[in-house]
Amino acid sequence: MLIGIISDTHDDSVLFEKAIKKFNTAGVEIVFHCGDWSSLFPLEIIEKLNCEIFSVFGNNDMSLFKYEKKSIGKVYFAGNWMGKKIDQQRIAVCHGDSISLLNSLLKSGKYDAVFSGHTHKPLIKEVNRSLHINPGTASFSWNNTPSIAIYNTTTRLAKSIFL
């Protein structure tokens, strides 16, 4: 299964829509958002995605906290972190602003992959037995090229995709 990973969209609807097109073209079956939406995009943009989005909150999502453990359209919110099993892969997702939470997920040995954002820098790195994937930022950034990531649960390989 192909999993789309996105983070730090920060109200950038143009790049978010571009990311949706990349996910749809690649055939991803689920997307994880690692937080920092800042606010929700118009649902008509989100509805263009061919699958559901599971999301955690980032440090810029204060206005979204009222949706904790709820859904809006195709978006399902799960607090500041979540664990999910997909295709026998144990996956953890957090924003990454809490270094202690991120490190505990990576060092626990419980997860095959850990997705995080916050730094706006793409990263794919093996840590202990977990593949740490940071998709970068899907918003305009002076310092970084906007990017997303795709993780293949069959091969356990990930790749960064620049927008």
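Use the structure listed above.
Everything in this summary refers to the structure shown in the same document. Just so you know, these numbers come straight off a predicted model, no measurement behind them.

**Things to note about the overall build of the chain**
And step 1. Along its length, the chain carries 3 helices and 12 strands.
And step 2. Compactness check: the chain gives a C-alpha radius of gyration of 14 Å against a globular reference of 15 Å for 163 residues, within 12% of the reference.
And step 3. In terms of overall dimensions, the chain has C-alpha extents of about 40 × 30 × 30 Å along its principal axes.
And step 4. For the chain, the residues scored as buried account for 51% of the 163 residues in total.
And step 5. Per element, the accessible surface of the chain, about 7,600 Å² overall, is 52% carbon and sulfur.
And step 6. Seen as two clouds, the 18 positive and the 15 negative side-chain charges of the chain have centres 6 Å apart.

**Quick look at the nonpolar core**
And step 1. Counting residues in hydrophobic clusters, the biggest one holds 25 residues, and the most contacted among them are Ile6, Phe16, Phe23, Val31, Trp37, Ile53 and Ile148.
And step 2. Mapped by element, the contributors of at least two residues to this core are helix H1 (13-26), helix H2 (43-46), strand S5 (75-77) and strand S11 (147-152).
And step 3. Element by element, the count of residues in this core is highest for H1, at 5 residues.
And step 4. The contacts of Trp37, once residues within four sequence positions are left out, are Thr9, His10, Asp11, Phe16, Ile46, Ile53, Ser55, Val56, Asp61, Leu64, Val75 and Phe77.
And step 5. Within the second largest apolar cluster, 17 residues are counted, among which are Ile30, Cys34, Ile86 and Val93.

**What about the side chain of Ser130?**
And step 1. In this structure, Ser130 sits in strand S10 (residues 130-134).
And step 2. Polar side-chain contacts of Ser130 include one of 2.5 Å to the backbone oxygen of Tyr111.
And step 3. Contact partners of Ser130, with chain neighbours within four places excluded, come to Leu105, Leu106, Tyr111, Asp112, Val114, Lys125 and Arg156.

**Brief notes about the sheet that holds strand S12 (residues 157-162)**
And step 1. Strand order across the open sheet formed by 7 strands is S4-S5-S3-S2-S1-S11-S12, with mixed pairing between neighbours. Lying at the two open borders of the sheet, with one neighbouring strand each, are strand S4 (71-72) and S12.
And step 2. Alignment of S4 against S5, held across 2 bridges, turns out to be antiparallel. Across the sheet, residue Ile72 finds its bridge partner in S5, namely Val75.

**Side note on the pattern of salt bridges**
And step 1. Within the structure shown, the criterion is met by 2 salt bridges.
And step 2. A salt bridge links Lys48 to Glu17, with the shortest nitrogen-to-oxygen separation between them at 2.2 Å. With Lys48 in the loop between H2 and strand S3 (52-55) and Glu17 in helix H1, this pair connects stretches of sequence that are 31 residues apart.
And step 3. According to the relative accessible area criterion, Lys48 is partly exposed, its value standing at 44%.
And step 4. Here Asp112 and Arg90 are joined by a salt bridge, their closest N and O atoms 3.4 Å apart. You can see Asp112 sitting in the loop between helix H3 (99-107) and strand S8 (113-115) and its partner Arg90 sitting in strand S7 (residues 89-94), a full 22 residues away along the chain.
And step 5. Of the residues examined, Asp112 reaches a relative accessible area of 14% and is grouped as buried.
And step 6. The exposure class assigned to Arg90 is partly exposed, which follows from its relative accessible area of 31%.

**As for unusual backbone geometry**
And step 1. One non-glycine residue, His118, adopts positive backbone phi at about 80 degrees.
And step 2. Assignment of secondary structure puts His118 in the loop between S8 and strand S9 (123-127).
And step 3. One non-glycine residue, Arg156, lies in the positive phi region at around 60 degrees.
And step 4. By the secondary structure assignment, Arg156 is in the loop between S11 and S12.

Calculation criteria
Every chain is numbered on its own, with residues counted from 1 as its sequence reads. The predicted origin of the model limits local features to residues at a pLDDT of at least 70 and limits the giving and counting of side-chain atom pairs to 80 or more, whereas totals for whole chains, interfaces and linings rest on all residues. Where side-chain values are given, they derive from all heavy atoms of the structure, hydrogens and water being excluded. By the criteria applied, helices consist of DSSP H or I runs no shorter than four residues and strands consist of E runs no shorter than two, each listed in order from the N terminus. A radius of gyration in this sense is built from C-alpha atoms; the matching globule rule multiplies 2.2 Å by the number of residues raised to 0.38. Buried, partly exposed and exposed residues are distinguished by accessible area as a fraction of the type maximum, computed with a 1.4 Å probe on protein chains only: under 20%, between the cut-offs, and over 50%, respectively. Only the protein chains shown count as covering a residue, and every accessible area follows the Shrake-Rupley method with a 1.4 Å probe. We count Lys and Arg on the positive side and Asp and Glu on the negative side, and we leave His and both chain ends out. To locate a charge, take NZ of a lysine, CZ of an arginine, CG of an aspartate or CD of a glutamate. Definition used in this section: a nonpolar core is a set of buried Ala, Val, Leu, Ile, Met, Phe, Trp, Tyr and Cys residues joined via side-chain atoms within 4.5 Å. Whether two residues are in contact is decided by their heavy atoms, any of which lying within 4.5 Å being enough. Side-chain atoms alone can form a polar contact between residues adjacent in sequence; in general such a contact is a pair of N or O atoms within 3.5 Å, and within protein one must be able to donate a hydrogen while the other accepts it. Strand pairing is defined by DSSP finding a minimum of two bridges between the two strands. The salt bridge definition used is simple: a Lys or Arg side-chain nitrogen within 4 Å of an Asp or Glu carboxyl oxygen.

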